[in-house]
Structure formats: structure tokens, C-alpha cells
Amino acid sequence: MSAVFLSVTLIALVSLGNAVKLPTAFTRCNPADEQCIIQAISNTFQKYTAGLPQLGLASLDPLRIDEMDIVQGEGPVNIVLNFKNVDIVGFKDVIVKKAKGFTANPNIMEISLEVPLASLVGDYKIKGKVLILPIQGEGVSNLTMANCNFVMKWNGGLQKRSDGKEYYQMNKIKATLDTTRFYTELTNLFNGDKALGDNMNMFLNENWQDILKELKPSIIASFAKVFRAIITNVFENVPYNELFLP
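Keep in mind the model is a prediction, meaning the values are calculated, not measured.

Rules used in this analysis
- Residues numbered from 1 in each chain as written.
- Predicted model: local features only at pLDDT ≥ 70, side-chain atom pairs only at ≥ 80, totals over all residues.
- Heavy atoms only, no water.
- 1 Å grid on protein atoms, 1.4 Å probe; cavity = no way out; pocket = protein on both sides within 12 Å on 5 of 7 lines; lining within 4 Å.
- Points joined across faces, edges and corners; volume = space filled by probe spheres on them.
- Helix = DSSP H or I, 4+ residues; strand = E, 2+ residues; numbered from the N terminus.
- Nonpolar A, V, L, I, M, F, W, Y, C, P; charged D, E, K, R; others polar.
- Phe/Tyr/Trp six-rings, centres within 6.5 Å; stacked < 30°, edge-to-face > 60°.
- Lys NZ or Arg CZ within 6 Å of the ring centre and 35° of its normal.

All right, on to empty space enclosed by the protein then. Using the criterion set out here, one finds 3 cavities of 30 Å³ or more in the structure. Of the volumes computed, that of the largest cavity is approximately 510 Å³. Taken together, 26 residues line the largest cavity, and the ones lying closest to its centre are Phe26, Ile41, Thr44, Phe102 and Val234. Listing elements by their share of the lining of the largest cavity, those giving two or more residues are helix 1 (34-47), strand 5 (109-130), strand 6 (133-160) and helix 3 (208-237). Looking at the lining of the largest cavity residue by residue, the classes come out as 24 nonpolar, 2 polar and no charged. Considering only enclosed or pocket space, the second largest cavity measures out at about 140 Å³ in volume.

Moving on, we come to the packing of aromatic side chains. Applying the stated rule across the entire model yields 9 aromatic pairs. Taken together, Phe45, Phe91, Phe150, Phe223 and Phe227 form an aromatic cluster joined through their ring pairs. In this arrangement the basic side chain of Arg161 is found over the ring face of Tyr167, its NZ or CZ atom lying 3.7 Å from the centre. Cation over ring: Arg181 sits above Tyr183, and NZ or CZ is 4.5 Å from the ring centre.

Structure follows, in C-alpha cells:
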């Protein structure tokens, strides 16, 4: 069974009940206009890569994660993998492929994103077993996914607050992740033994499909929490109808 702990610095929620005005440059569409909404989401990643202070959002690329723990206790991959001060890089080049459910009376919503190269770069500590080999080390990691396709689907509904306005409340979220290649580079494995470290990195990259299969649920859970935070920051602070053209 795997467990994930995530602490994200990108959230600084404005007090609920106080509506926030979106910047005038924010692209607005008519409800249910999927092509326009796809473009609006794309514009948000491109225009506000450095963040959006009005919503308490820090940088979107790189996107900083303070801590992320992956504990995989069963199966061929049996590890405790701790990350600190990790930057997710690559979302400035995101391609939005789908944006469904953004209607006047929303319930289920779905977003599909493709990132040509998504990298997680930061400090790591690992101990355990990967397939048949023991692994341990502490240093700098670079985990890169090529042609990363990330799909999020969630449900929710509109709720009226004390200010008389309606806000979208997100409930459960499900996510899937696919990639055509998963690259791993871990420095300072085995207390800096270069030969052992190089061999282990080679082994991880040669067997990336088997390793990713085991780690994918934890990686998906981590990405889902990050994007839930981003999406919630918008929905919790901006009245739903103000996200669209009047």
C-alpha cells in the first residue's frame, strides 16, 4: 500500500466570503464554450506563470512543493522516498486538450492536459528495494516525464455564501496519468559510491516501465493534490458567474 504526504507552498487562500476580482487580462468565455475555455486555461498558464497574487497563487512554473513523501510498502517496489523543496518544471508549455462541464449550472468537470516535458527537481532521500535491488541515498533528484498526459475529473456544485454570491465547491477528484517515457537521475546514491550510483540510475532507466507502474498511484495522488489546490483557489475566491462573460 502506498501513502502520500504533500505540503504545497502555492496556496495562500484569501478568507472565504470575500470575493476576489480577477485581473482584467483574464480570459473570460461563455459557459459551456469548450474551445474558448480551453484557450482561457492555456492563457492562464502562459500569462500567469509567475503567479497570480490576487488569488494567493505562487509561481506555476516552477511550481514549488515543500515536501512530498512516497511510501510504497508492497510489491516489487518497496521504498520510502522523501522529497523536499521540489520544483515541478514544464507547465509553461502545457497543452490543454479538453475542458468539459464548465456550464452555467456545473456538476461534473473534466480537464485534460499534456505537458511535453514535466520534471520534478529537488532534494530527495530514499531507502528500500527496487525490483530485486536494494537502494539507499540522499541527494538531488530529477524525475522527468515525456509527453505527460494528465486528466482530472471531479464533481461539485454551486453554494451561496453570506455575500449573496454563488461559488463552486469542488468535492471528490479523480486523476489519471500517462507518459511515453520516465527518466530518473538520483545523485549521491549509496553514500556517493559513483559506480553503484551510476549502475542504479542505469537500472532505474532501463526498467522505467515496471518502476513507474508501481509508483504511478502515488505520483498521480501528488499531482492531483497540487492541481486541486490551484483549481480550488480560483473557485473558492471568485464567484462562479464572474469567471464567465456577463
